[in-house]
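# Observations on the three-dimensional arrangement
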Amino acid sequence: YAASFGVGVEAVVRSLNRNRSRVLCVCCAAVIPLVYGYTELWGLDGYAKPAVYPASWAVADRVMSPGATAIVLPWRAYLQVPWLRNRVVANPMTGYFARPVISADDLEAGQITTETSNPRSLFLQYCLNEGNRVTEFGRLLAPLGIRYVILAKSPGDQSFTWLSRQHDLREVFDADTITVYENEEVVPDAYE
């Protein structure tokens, strides 16, 4: 838009003969972006603001070993985030933590969820579906190199109380917005 807009305005101004026509054309060209995109010029009228993550997330990140892989729950590509005025956004945990993070990669549109074709994601989805019947979730995660389970707490999300009943997961951090479990099973440095 920016390149074509400038070229277009220049072509129109050159084609005009009289000064008044040129001034009118330049004024119209200046008004169009102000009318069409005024909200973008002033921060989308307050809609777009920098996100302030909860302080507990920074503490949770420091509790975990550097470079250790983590899985983030709820297992969803998009989350309703309470500290962003309950807006639904792409899972913010995938980019926040200073480590490799595994999260859901299926697309969602309202109640419709696509199925992933990634074998790792399919396996993890199966493990999570069986969570209430499993007592050694860490053993299932260990072959994938997963050392930590990060659970973001938000109202109305599915229950992950079964995580606290696992024999091989140890809670290492708990706050009002997040809980971190450490996998006590031996986790390989690499997996195939």
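Heads up: these notes are all about the structure in this document. (Residues numbered from 1 in each chain as written. Predicted model: local features only at pLDDT ≥ 70, side-chain atom pairs only at ≥ 80, totals over all residues. Heavy atoms only, no water.)

### Concerning the overall build of the protein chain
Counting secondary structure elements, the protein chain contains 6 helices and 9 strands. Expressed as a percentage of its 192 residues, the buried residues of the protein chain come to 35%. Considering only contacts in the protein chain between residues 6 or more positions apart, those separated by 24 or more positions represent 66%. Carbon and sulfur atoms make up 56% of the accessible area of the protein chain, which amounts to about 12200 Å² in all. (Helix = DSSP H or I, 4+ residues; strand = E, 2+ residues; numbered from the N terminus. Buried < 20%, exposed > 50% of the residue type's maximum accessible area, 1.4 Å probe, protein only. Contact = heavy atoms within 4.5 Å. Areas by Shrake-Rupley, 256 points an atom, 1.4 Å probe, with all protein chains shown as cover.)

### Considerations on the sheet that holds strand E9 (residues 178-183)
Sheet architecture is open: 5 strands sit in the order E4-E1-E7-E9-E8, paired in mixed fashion. Two strands lie at the open edges of the sheet, namely strand E4 (101-102) and strand E8 (169-174), each paired on one side alone. As paired elements, strand E1 (residues 69-73) and E4 share 2 bridges and run parallel to each other. Within the sheet, the bridge partner assigned to alanine 70 lies in E4 and is valine 101. Across the sheet, helix H3 (residues 55-63) lies against strand E7 (146-152), E8 and E9, angled at about 140 degrees from E8, the strand it touches most. (Pairing = 2+ DSSP bridges. Axes fitted to C-alpha atoms, helices over the stretch in contact; angles between N-to-C directions.)

### As for the nonpolar core
Counting residues in each nonpolar core, the largest one holds 20 residues, and the members touching the most others are Ile71, Leu73, Trp75, Leu124, Phe137, Val149 and Leu163. Secondary-structure elements contributing two or more residues to this core are E1, helix H5 (119-129), helix H6 (137-141) and E7. Once residues lying within four places of it in the same chain are set aside, the contact partners of valine 149 are Ile71, Leu73, Phe137, Leu141, Leu163, Leu169, Thr179, Val180 and Tyr181. In terms of nonpolar packing, the next biggest core, distinct from the first, is built from 18 residues, Trp57, Tyr148, Ile150 and Ala175 among them. (Core = buried A, V, L, I, M, F, W, Y, C linked by side-chain atoms within 4.5 Å.)

### Examining the pattern of salt bridges
A side chain of one charge can pair with a side chain of the opposite charge when the charged atoms of the two come close. Under the definition given, this model contains 8 salt bridges. When the shortest N-O distance is used, the salt bridge between glutamate 184 and arginine 170 registers 3.1 Å. Here glutamate 184, found in the segment after E9, pairs with arginine 170, found in strand E8; they are 14 residues apart in sequence, far enough to count as distant. We classify glutamate 184 as partly exposed; its relative accessible area is 46%. (Salt bridge = Lys/Arg side-chain N within 4 Å of Asp/Glu carboxyl O.)

### Structural notes on H5
Burial in H5 covers these residues: Ser121, Leu124, Cys127 and Leu128. Along H5, the residues classed as buried sweep out an arc of 120 degrees about the axis, all on the same side. Set apart from the buried face of H5 by more than 90 degrees, the exposed residues are Pro119, Tyr126 and Asn129. Buried positions along H5 lie against E1, E4, H6 and E7. Backbone nitrogen of arginine 120 and a side-chain oxygen of the N-cap are separated by 2.9 Å at the start of H5; the cap is asparagine 118. (Arc of directions from axis to C-beta. Polar contact = N/O pair within 3.5 Å; in protein donor to acceptor, adjacent residues only side chain to side chain.)

### Points about the environment of valine 187
Relative to the helices and strands, valine 187 is located in the segment after E9. C-alpha of valine 187 to C-alpha of glycine 145: the two residues are 42 residues apart in sequence and 5.3 Å apart in space. If sequence neighbours within four positions are ignored, valine 187 has contacts with Ala142, Gly145, Ile146 and Arg147.

### Here's the deal with the pairing of strand E2 (residues 78-81)
Where burial is concerned, the two faces of E2 differ: the one with Leu79 and Val81 is buried and the one with Tyr78 and Gln80 is not. Here E2 pairs with strand E3 (residues 87-90) via 4 bridges, running antiparallel. Note that in E3 the partner of glutamine 80 across the bridge is valine 88. Connecting E2 to the antiparallel partner E3 that follows it, the hairpin turn spans 5 residues, and arginine 85 within it adopts a positive phi of roughly 60 degrees.

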